Amino acid sequence: MKRTHPAPGAAAADRLRRKRELSPPAGTIPCMAYDPWGEVPAGWSVDFAAMPARGMCRWSRRLILLDIRLSRIEERCTLTHELVHAERGEFPRWATAREEAAVNAEAARRLIPLDALGEALAWSLHPAVAAEELDVDPSTLEALLRDLAAAEVEALRRRLQH
């Protein structure tokens, strides 16, 4: 019996189609107020490929690449991260660490409203549980927590005392 194999990439495309069908529509989860798919700049495109990084911004091509194996939450966080890169523009290699920290913080602020952060932390102080409640990955939550101003930390502290 001869087996036929789908064309290269067909299986991955089918997995992506099924994953999108299982994803809840934006706006059905309270924390999903920010929909990165609605923020892709005019003239830019987003494509998927199997790649070693979660995402990549190609300014010269006005292209954002996302790893096809990302979960829905990872895809949302990574696309937001790459959109911030697209907006900020290219940067010198020597500034990579500083740029990544700034992009991580900005992406986290777009994805996590502070009032939702307070509610999630009131539910659980465990980072993985709070991240799941916020519909973000743990590294995005950590980026926001690192970037909080003193007044924001104090507001969260007051929220958690009640």
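Our subject in this report is the structure included herewith. Everything quoted here is computed from the prediction, not taken from an experiment.

1. Quick look at the packing of aromatic side chains
Each aromatic ring pair is specified by the distance between its two centres and by the angle formed by the two planes. Scanning all chains against the criterion turns up two aromatic pairs. Both rings, one in W37 and one in F48, keep their centres 6.2 Å apart while their planes meet at 25°; by these two values the pair is stacked. Of the two residues, W37 is situated in the loop between α1 (10-22) and β1 (45-49) and F48 in strand β1; the sequence distance between them amounts to 11 residues. Accessibility expressed as a relative area gives 35% for W37, which makes it partly exposed. Here W59 and F91 contribute two aromatic rings whose centre-to-centre distance is 6.1 Å and whose plane-to-plane angle is 90°, an arrangement assigned as edge-to-face. Residue W59 is located in the loop between β2 (55-58) and β3 (63-67), and its partner F91 is located in the loop between α2 (72-88) and α3 (96-111); the two are separated by 32 residues in the primary sequence. The partly exposed category is assigned to W59, whose relative accessible area is 21%. A relative accessible area of 25% places F91 in the partly exposed class.

2. Re the pattern of salt bridges
Using the criterion set out here, one finds 12 salt bridges in the structure. Between D135 and R72 there is a salt bridge, with its nearest N and O atoms 3.0 Å apart. Taken together, the residues span a long stretch of sequence, with D135 in the loop between α5 (127-134) and α6 (138-147) and R72 in helix α2 at a distance of 63 residues. Between E106 and R110 there is a salt bridge, with the nearest N and O atoms lying 2.8 Å from each other. Separated by four residues within a single helix, E106 and R110 lie in helix α3, roughly one turn from each other. A relative accessible area of 22% means that R110 is categorised as partly exposed. Through salt bridges with shared partners, one network takes in R72, R76 and D135.

Scoring rules and cut-offs
- Throughout, residues of each chain are indexed from 1 in the direction in which the sequence is written.
- Local features in this predicted model are restricted to residues whose pLDDT is 70 or higher, and side-chain atom pairs enter the listing and the counts only when it is 80 or higher, whereas totals over whole chains, interfaces and linings include all residues.
- Remark: hydrogens and water are excluded; side-chain values derive from all non-hydrogen atoms of the structure.
- Paired rings are identified among Phe, Tyr and Trp, the last through its six-membered ring, by centres lying within 6.5 Å, and are further divided according to the angle between planes into stacked (under 30 degrees), edge-to-face (over 60) and tilted (the rest).
- Strands here are runs of E lasting at least two residues and helices are runs of H or I lasting at least four, both read from the DSSP assignment and numbered beginning at the N terminus.
- For every residue, the accessible area (1.4 Å probe, protein chains only) is compared with the maximum for its type, and the residue is labelled buried under 20%, exposed over 50%, or partly exposed between those bounds.
- Should a side-chain nitrogen of Lys or Arg be within 4 Å of a carboxyl oxygen of Asp or Glu, the pair is scored as a salt bridge.

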